[in-house]
Amino acid sequence: MIGPKQTLRVTGTERVGPYTLLRLERGELEPGVPGQFFMLEAPGRLLPRPFSLCLAPPGELAFLVDPIGPGTEALCRLRAGNEIDVLGPLGQGYRLDVDRPLLVGGGIGIAPLPYLAEQLGGSPPVVLGFRNADYAEAAALLPGAEIVVDPVLVTELIEPGFDVFACGPEPMLHAVAALCPAAQLAWEAPMACGYGACYGCVVEIDGVLKRLCLEGPVLDAARVRARVEAVA
């Protein structure tokens with residue numbers, strides 16, 4: 001059962017490399033499971049945007065936003081005291097019952113990893129890949145992470161024997177799926193509602209078209225390996 005959306009107050013924003021970390025008063029929303037997502041309604045935009053939770057300090061929810069279009073740019077312009085409508089948490093997150101976690105992120109795909117690392121406990125190893133040094137500044141959200149910049153691929157840092165949690169651009173996820181059949185991968189797709197009503201996020205899963213907002217966004221690599229092998 002999806003609860004009603006809530007209007008939350010912005011507590012602050014900060015730049016993290018080219019990205020903006022948007023901090024919201026938590027209100028009555030729960031942070032949920034790492035890898036789940038929230039629908040944020042950008043001011044002046046018709047449709048909300050899906051974002052995974054980046055940080056969950058006491059009383060707050062924080063989201064990492066890449067200003068790549070009118071909606072995300074509007075979110076980055078928010079300031080403390082502004083209000084925004086939020087719905088979530090939604091979808092299926094990561095399973096945390098693993099023995100040797102390894103977090104793998106590419107670009108804005110690092111967004112869910114700080115909260116994931118916290119929920120896993122301890123300091124799990126993290127490998128991150130970015131397009132250039134400016135974007136790599138976001139690695140400050142995951143102290144101790146091993147970092148590569150294009151043209152080096154983050155998959156070159158993945159060693160065997162780990163339980164991989166990954167989030168990043170689709171080519172990176174396909175590469176991780178081919179390399180690590182048991183990996184858990186967080187995928188992206190356009191979403192207009194976040195709970196299966198609009199069919200805007202239909203993607204191929206298990207060889208069948210399904211709604212990513214309900215089946216995912218986190219999927220086992222094995223569920224997409226057939227597609228990987230088909231295009232290899």
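Structure's up top.
Residues numbered from 1 in each chain as written. Predicted model: local features only at pLDDT ≥ 70, side-chain atom pairs only at ≥ 80, totals over all residues. Heavy atoms only, no water.

**Q** Where do I start with the overall build of the chain in this structure?
**A** Scanning the chain from N- to C-terminus turns up six helices and 14 strands. What you see for the chain is a C-alpha radius of gyration of 17 Å, in line with the 17 Å of a compact globule of 232 residues. The dimensions of the chain, computed from C-alpha atoms along their principal axes, are 45 × 40 × 30 Å. Put simply, the chain has 232 residues, and 51% of those count as buried. Contacts in the chain between residues far apart in sequence, at least 24 positions, make up 60% of those at least 6 positions apart. Of the roughly 10,900 Å² of accessible surface on the chain, 52% is carried by carbon and sulfur atoms. Positive and negative side-chain charges of the chain, numbering 17 and 27 respectively, have mean locations separated by a distance of 6 Å. (Helix = DSSP H or I, 4+ residues; strand = E, 2+ residues; numbered from the N terminus. Rg over C-alpha atoms; globule rule 2.2 N^0.38 Å. Buried < 20%, exposed > 50% of the residue type's maximum accessible area, 1.4 Å probe, protein only. Contact = heavy atoms within 4.5 Å. Areas by Shrake-Rupley, 256 points an atom, 1.4 Å probe, with all protein chains shown as cover. Lys, Arg positive; Asp, Glu negative; His and termini not counted. Charge placed at Lys NZ, Arg CZ, Asp CG, Glu CD.)

**Q** Please clarify how a nonpolar patch on the surface should be interpreted in this entry.
**A** On the surface, Tyr199, Val202 and Leu209 cluster together into a nonpolar patch covering about 320 Å² of accessible area. Looking at where Val202 falls in the secondary structure, it is placed in strand S12 (residues 202–205). (Patch = residues over 30% accessible without salt bridge, like charges linked within 9 Å, V, L, I, M, F, W, Y side chains within 5 Å. Salt bridge = Lys/Arg side-chain N within 4 Å of Asp/Glu carboxyl O.)

**Q** Where do I start with the environment of Arg23 in this structure?
**A** With respect to the element layout, Arg23 can be found in strand S2 (residues 19–25). By relative accessible area, which is 19% here, Arg23 ends up buried. Measuring from C-alpha to C-alpha, the distance between Arg23 and Ala56 comes to 9.3 Å, with 33 residues separating the pair along the chain. With near-sequence residues (within four places) excluded, Arg23 lies in contact with Arg9, Val10, Thr11, Gly12, Glu14, Leu55, Pro57, Glu60, Leu61 and Ala62.

**Q** What is the right way to look at the packing of aromatic side chains in this model?
**A** In this description, a pair of aromatic rings is defined by centroid distance and the angle of the planes. For the structure shown, the criterion picks out three aromatic pairs. Here the aromatic rings of Phe38 and Phe63 are separated by 5.5 Å at their centres, their planes lie at 70°, and the arrangement is edge-to-face. Of this pair, Phe38 sits in strand S3 (residues 37–40) while Phe63 sits in strand S5 (residues 60–65); the two residues are 25 residues apart in sequence, bridging distant segments of the chain. For Phe63, a relative accessible area of 0% puts it in the buried group. Here the basic side chain of Arg100 rests over the ring of Phe162, its NZ or CZ set 4.1 Å away from the ring centre. Its end group placed over the ring of Tyr135, Arg131 keeps NZ or CZ at 4.4 Å from the ring centre. (Phe/Tyr/Trp six-rings, centres within 6.5 Å; stacked < 30°, edge-to-face > 60°. Lys NZ or Arg CZ within 6 Å of the ring centre and 35° of its normal.)

**Q** Please explain the pattern of salt bridges as it appears in this structure.
**A** Working definition: two side chains of opposite charge can pair if their charged atoms are close together. A complete count under the given rule lists eight salt bridges for this structure. When the shortest N-O distance is used, the salt bridge between Lys5 and Glu41 registers 2.8 Å. Residue Lys5 is found in the segment before strand S1 (6–16), and its partner Glu41 is found in the loop between S3 and strand S4 (49–52); the two are separated by 36 residues along the sequence. Assessed through its relative accessible area of 46%, Lys5 is described here as partly exposed. Here the salt bridges share partners, and the residues they tie into one network are Asp206, Lys210, Glu215 and Arg223.

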